[in-house]
Amino acid sequence: MGGTFDPIHHGHLVAASEVGARLQLDEVVFVPTGQPWQKVEKRVSPAEHRYLMTVVATASNPRFTVSRVDIDRDGPTYTIDTLRDLRRQRPDAELFFITGADALAQIVSWKDVDELWELAHFIGVTRPGYTLSESGLPHDEVTLQEVPAMAISSTDCRQRVADGEPVWYLVPDGVVQYINKYALYTEEENPAP
Ligand code: ATP
Ligand code: MG
């Protein structure tokens, strides 16, 4: 499951858990992006902070792991590179790419999309506020899955922190504490360790 994870929240974790259970996956690999190409105009927290929050959030689940492939690669992150790297590391694995309804709509509009379908099967999960329409999706390569609706976004979490509002229960407790420890999403932000 790729994402900016700025910060990781319970919408991400529920989606990953649901797909993992439904498809009986051995492992769900969270892959924080380097500089996401869709977000070059926006301010994104340093990769190391996003990586560490993802580690904190997933540490207690034996099937959840976090990969550094995207944050250790220079330049903007493209999903095709992510999948090539994961395939190289796990040559015998069957790969699934878990993505929300909003991100899936972007992916199917890419130009090299055919090569993506060869590398992984795509699982599009429902997300409140976005429609997961079947139209235009190649049926053999994309599976749509409904997951419990969590109307949470990282954008909203960042805004709440900036406004001094709580993010308890929207993100895991350890992530609340990490955000406070490094003063993320405030003017005083501290560098990652
Ligand atoms: P931002 O607001 O910064 O874009 P986000 O909440 O959309 O953050 P991302 O890191 O962009 O989080 O999302 C990573 C992946 O998780 C994407 O595929 C996205 O569609 C999916 N996703 C994010 N939030 C949810 C949610 N609440 N329910 C289901 N899927 C989600
Ligand atoms: Mg997003």
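Residues numbered from 1 in each chain as written. Chains lettered and ligands numbered in written order. Predicted model: local features only at pLDDT ≥ 70, side-chain atom pairs only at ≥ 80, totals over all residues.

By the naming in an unreviewed UniProt entry, the protein chain is Probable nicotinate-nucleotide adenylyltransferase, taken from Janibacter alkaliphilus. Checking UniProt for the protein chain, the heading Pathway (unreviewed entry) contains the comment "Cofactor biosynthesis; NAD(+) biosynthesis; deamido-NAD(+) from nicotinate D-ribonucleotide: step 1/1." According to the UniProt record, the Catalytic activity (unreviewed entry) comment for the protein chain reads "nicotinate beta-D-ribonucleotide + ATP + H(+) = deamido-NAD(+) + diphosphate". (UniProt positions renumbered as here; feature names shortened; annotations may be inferred.)

Neighbouring ligand 1 are 18 residues; G3, G11, G100, S154 and T155 lie closest to it. Elements represented by at least two residues in the shell around ligand 1 include exactly helix 1 (10-22), strand 6 (96-100), helix 4 (101-107) and helix 6 (154-162). Per-element tally for the shell around ligand 1: the top contributor is helix 1, with 3 residues. When grouped by side-chain class, the residues that make up the shell around ligand 1 number 6 nonpolar, 9 polar and 3 charged. (Near = placed C-beta within 6 Å. Helix = DSSP H or I, 4+ residues; strand = E, 2+ residues; numbered from the N terminus. Nonpolar A, V, L, I, M, F, W, Y, C, P; charged D, E, K, R; others polar.)

Turning next to the sheet that holds strand 1 (residues 2-3). As summarised here, the arrangement of the 3 strands in space is 1-2-4, forming an open sheet in which the pairing is parallel. Sheet topology places strand 1 and strand 4 (64-66) at the edges, where each strand pairs with a single neighbour. Both strand 1 and strand 2 (residues 28-32) contribute to a ladder of 2 bridges, which runs parallel. Across the sheet, residue G3 finds its bridge partner in strand 2, namely P32. Taken strand by strand, helix 2 (residues 47-58) contacts strand 2 and strand 4, and its axis lies near 160° from that of strand 2. (Pairing = 2+ DSSP bridges. Contact = placed C-beta atoms within 7 Å. Axes fitted to C-alpha atoms, helices over the stretch in contact; angles between N-to-C directions.)

Let us look at the sheet that holds strand 8 (residues 142-145). An order of 6-7-8 is seen for the 3 strands of this open sheet, with the pairing classed as parallel. Looking along the sheet, the strands with just one partner apiece sit at the ends: strand 6 and strand 8. In this sheet, adjacent strand axes meet at a mean angle of 25° when their direction is disregarded. Set on the sheet, helix 1 makes contact with strand 6, strand 7 (121-125) and strand 8; between it and strand 6 the angle comes to about 140°.

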